[in-house]
Amino acid sequence: VGYFVYYRFIGLAITTPDEFGLCEKDDVSSVATLNLMTISKILKAVFADLQLATGPFGIMNDWVEEKIQTVVEYHKHVIDVPPAEEYLKVNKYAQLSRIEKDSLVILLREITQIHQLVASNITDLAEDEKDPLRI
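A. Just the packing of aromatic side chains, in detail. All chains considered together, the criterion is met by two aromatic pairs. Ring centres of Phe47 and Tyr74 lie 5.8 Å apart, and the angle between their planes is 80°; this geometry places the pair in the edge-to-face category. On the criterion of sequence distance, the pair formed by Phe47 in helix 2 (residues 30-48) and Tyr74 in helix 3 (residues 61-79) is long-range, its members being 27 residues apart. Residue classification places Phe47 among the buried positions, given a relative accessible area of 13%. When its relative accessible area of 32% is taken as the criterion, Tyr74 is described as partly exposed. Aromatic rings pair up to connect Tyr6, Phe47 and Tyr74 into one cluster.

Written as structure tokens, this is what we have:
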């Protein structure tokens, strides 16, 4: 989840700040763009819980290890969302309290079938002879 959030949102904002309205297109020089891409590469390693390759970035591995716990805490906040019912303020009784009522369309044929089913199973549905269903 965390890598997806970084890859789709944070990383893109770092590497292309002008596309996200963080600055004007002419404000970022080619050197700044290269530096932002380097920062993005290092942060990608943190968010993906990966070690950087040896070489010039290898010296950042200790820092990456150190920051992984911070990113784990961030991930917990990203995925800690309230239930949809709570967030949208709906519950199982919301349907009953709506002002606008639903309507049911039923064909005459279906009404006839229901009545025939009830009539053929009346002893199971209404055992008492005085049951209103037997009228």
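Having seen the structure, we can now continue with the description.
B. Region of the structure containing the packing of helix 2 against helix 3. As a packed pair, helix 2 and helix 3 sit with axes 8 Å apart at the nearest point and diverge in direction by 60°. Taken together, the axes of helix 2 and helix 3 lie oblique to each other. Like other packed secondary-structure pairs, helix 2 and helix 3 cross with a definite hand, here right-handed. Contact residues: helix 2 offers Ile42, Leu43, Ala45, Val46 and Phe47, while helix 3 offers Trp63, Val64, Lys67, Ile68, Val71, Tyr74 and His75. Here the contact of helix 2 with helix 3 is composed, by residue class, of ten nonpolar, one polar and one charged.

C. Representation of the pattern of salt bridges within the structure. The full count for this structure, using the stated rule, is four salt bridges. Glu66 is paired through a salt bridge with Lys67; the nearest N and O atoms lie 3.8 Å apart. A salt bridge links Lys76 to Glu73; the shortest N-O distance between them is 3.5 Å. In this pair, Lys76 and Glu73 are both assigned in helix 3, three residues apart and thus about one turn of the helix distant.

D. Region of interest: the nonpolar core. Grouped together as the largest cluster of nonpolar side chains are eight residues: Tyr6, Ile14, Ile42, Val46, Phe47, Val64, Ile68 and Val71. At the level of elements, helix 1 (2-15), helix 2 and helix 3 are the ones that each hand at least two residues to this core. Beyond its immediate chain neighbours, meaning those up to four positions away, Tyr6 contacts Gly11, Leu12, Ile14, Ser40, Leu43, Lys44 and Phe47.

E. A look at the environment of Pro17. Tracing the chain through its elements places Pro17 in the loop between helix 1 and helix 2. Sequence spacing of Pro17 and Val28 is eleven residues, and the spatial spacing of their C-alpha atoms is 8.4 Å. Residues within four places of Pro17 in sequence aside, it is in contact with Leu12, Leu22, Cys23, Val28 and Leu36.

The rules behind each value
- Here the residue index of a chain counts from 1 through its sequence in written order.
- Local features are withheld for residues below a pLDDT of 70 in this predicted model, meaning they are given only at 70 or higher, and side-chain atom pairs are given and counted only at 80 or more; totals for whole chains, interfaces and linings count all residues.
- In computing side-chain values, all of the structure's heavy atoms are included and hydrogens and water are not.
- Between the rings of Phe, Tyr and Trp (Trp by its six-membered ring), a pair exists once the centres lie within 6.5 Å; its type follows the angle of the planes, with under 30 degrees stacked, over 60 edge-to-face, and the other angles tilted.
- Counting from the N terminus, the helices are DSSP H or I runs at least four residues long and the strands are E runs at least two residues long.
- Buried, partly exposed and exposed residues are distinguished by accessible area as a fraction of the type maximum, computed with a 1.4 Å probe on protein chains only: under 20%, between the cut-offs, and over 50%, respectively.
- Axes, fitted as lines to C-alpha atoms, cover a helix only where it is in contact. Angles between the N-to-C directions of the axes lie from 0 to 180 degrees.
- With respect to orientation, any angle under 35 degrees is reported as roughly parallel, any angle over 145 as roughly antiparallel, any angle of 65 to 115 as roughly perpendicular, and every other angle as oblique.
- For any pair of crossing helices, the crossing counts as left-handed if the nearer helix is rotated counterclockwise from the farther one by less than a right angle, and right-handed if it is rotated clockwise.
- Contacts are residue-level and defined by heavy atoms, with any inter-residue pair within 4.5 Å sufficient.
- The nonpolar class holds Ala, Val, Leu, Ile, Met, Phe, Trp, Tyr, Cys and Pro. Asp, Glu, Lys and Arg form the charged class, and all remaining residues, Gly among them, are polar.
- Note on definitions: salt bridges are taken to be side-chain nitrogens of Lys or Arg within 4 Å of carboxyl oxygens of Asp or Glu.
- Residues belong to one nonpolar core when they are buried, are Ala, Val, Leu, Ile, Met, Phe, Trp, Tyr or Cys, and are joined through side-chain atoms within 4.5 Å.

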